[in-house]
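Residue-level structural notes
Residue-level listing of the chains:
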Amino acid sequence: MTKKLLQQRKSAHKSALFTGLALTGMGALHLVKPEPFERLIPEQLPGTARDWAIGSGYAELATAALLLVPATRKLGGVAATALFIGVWPGNMKMAWDWRHRPLDKQLISLGRLPLQLPMIASAVKIAKYA
């Protein structure tokens, strides 16, 4: 195994641990306090916003578990990639819904959009090098 590949695997391992822990916290938060997340659910989706908020919490917890267990880490990277792409419309909805709020709130909502890109890139790296 080359030195570069070892470095990529080590980096993917650290990213998987960080992402897994972050998703554990967010997933738990979705289940304990789903109300803030319900506002991010596009109205066009079938079912209730509560169902989607709770369901996404379970998806985050399942993805976290896959990332935190070395034997399932590669699958966890694939799942995290899909999850981060899947929640992007909610971030877009937030930016649209907050377009008339004070500037600081608008900047927060707009700032979430490009932040999704490094999260997706990290998940792809985990899937590739785990």
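About the thresholds
- Residues numbered from 1 in each chain as written.
- Predicted model: local features only at pLDDT ≥ 70, side-chain atom pairs only at ≥ 80, totals over all residues.
- Heavy atoms only, no water.
- Salt bridge = Lys/Arg side-chain N within 4 Å of Asp/Glu carboxyl O.
- Helix = DSSP H or I, 4+ residues; strand = E, 2+ residues; numbered from the N terminus.
- Polar contact = N/O pair within 3.5 Å; in protein donor to acceptor, adjacent residues only side chain to side chain.
- Contact = heavy atoms within 4.5 Å.
- Core = buried A, V, L, I, M, F, W, Y, C linked by side-chain atoms within 4.5 Å.
- Buried < 20%, exposed > 50% of the residue type's maximum accessible area, 1.4 Å probe, protein only.
- 1 Å grid on protein atoms, 1.4 Å probe; cavity = no way out; pocket = protein on both sides within 12 Å on 5 of 7 lines; lining within 4 Å.
- Points joined across faces, edges and corners; volume = space filled by probe spheres on them.
- Nonpolar A, V, L, I, M, F, W, Y, C, P; charged D, E, K, R; others polar.
- Expected span 1.5 Å × (residues − 1).
- Bend = angle between axes of the 7 residues up to and from the residue.

1. Some details on the pattern of salt bridges
Across all of its chains, the model carries five salt bridges by this definition. The closest approach of N and O atoms between E38 and R50, which form a salt bridge, is 2.3 Å. Here R50 lies in helix 3 (residues 49-68) and E38 lies in helix 2 (residues 35-38), a separation of 12 residues in the sequence. A salt bridge links K93 to D97; the shortest N-O distance between them is 2.5 Å.

2. Brief notes about the side chain of Q116
Among the secondary structure elements, Q116 is positioned in helix 5 (residues 103-129). A distance of 2.7 Å separates a polar atom in the side chain of Q116 from a polar atom in the side chain of N91. Once you skip the residues sitting within four places of it in the chain, Q116 turns out to touch F84, V87, W88 and N91.

3. Quick look at the nonpolar core
Within soluble globular proteins, side chains that are nonpolar tend to cluster in buried spots. In terms of nonpolar packing, the biggest core is built from 10 residues, these being A16, L23, A64, L67, A80, L83, F84, I120, A123 and I126. Every element with two or more residues in this core is listed here: helix 1 (3-32), helix 3, helix 4 (73-97) and helix 5. Once you skip the residues sitting within four places of it in the chain, L67 turns out to touch A16, T19, G20, L23, R73, G76, G77, A80 and I126. F37, L40, A53 and W98 belong to the second largest nonpolar core, which has five residues in total.

4. Focus on the layout of surface pockets
Taken as a whole, the largest pocket encloses approximately 1,000 Å³ of empty space. Elements represented by at least two residues in the lining of the largest pocket include exactly helix 1, helix 2, helix 3, helix 4 and helix 5. The biggest single contributor to the lining of the largest pocket is helix 4, with nine residues. Partitioned by chemical class, the residues of the lining of the largest pocket number 22 nonpolar, 10 polar and five charged.

5. A closer look at helix 5
Taking 1.5 Å per residue, 27 residues should reach 39 Å; helix 5 reaches 40 Å between its end C-alpha atoms and fits that length. Maximal helix bending in helix 5 amounts to about 30°, located at L113; proline P114 follows within four positions. Here helix 5 has its buried residues at S109, L113, Q116, I120, S122, A123, I126, A127 and Y129. Buried residues in helix 5 make contact with helix 1, helix 3 and helix 4.

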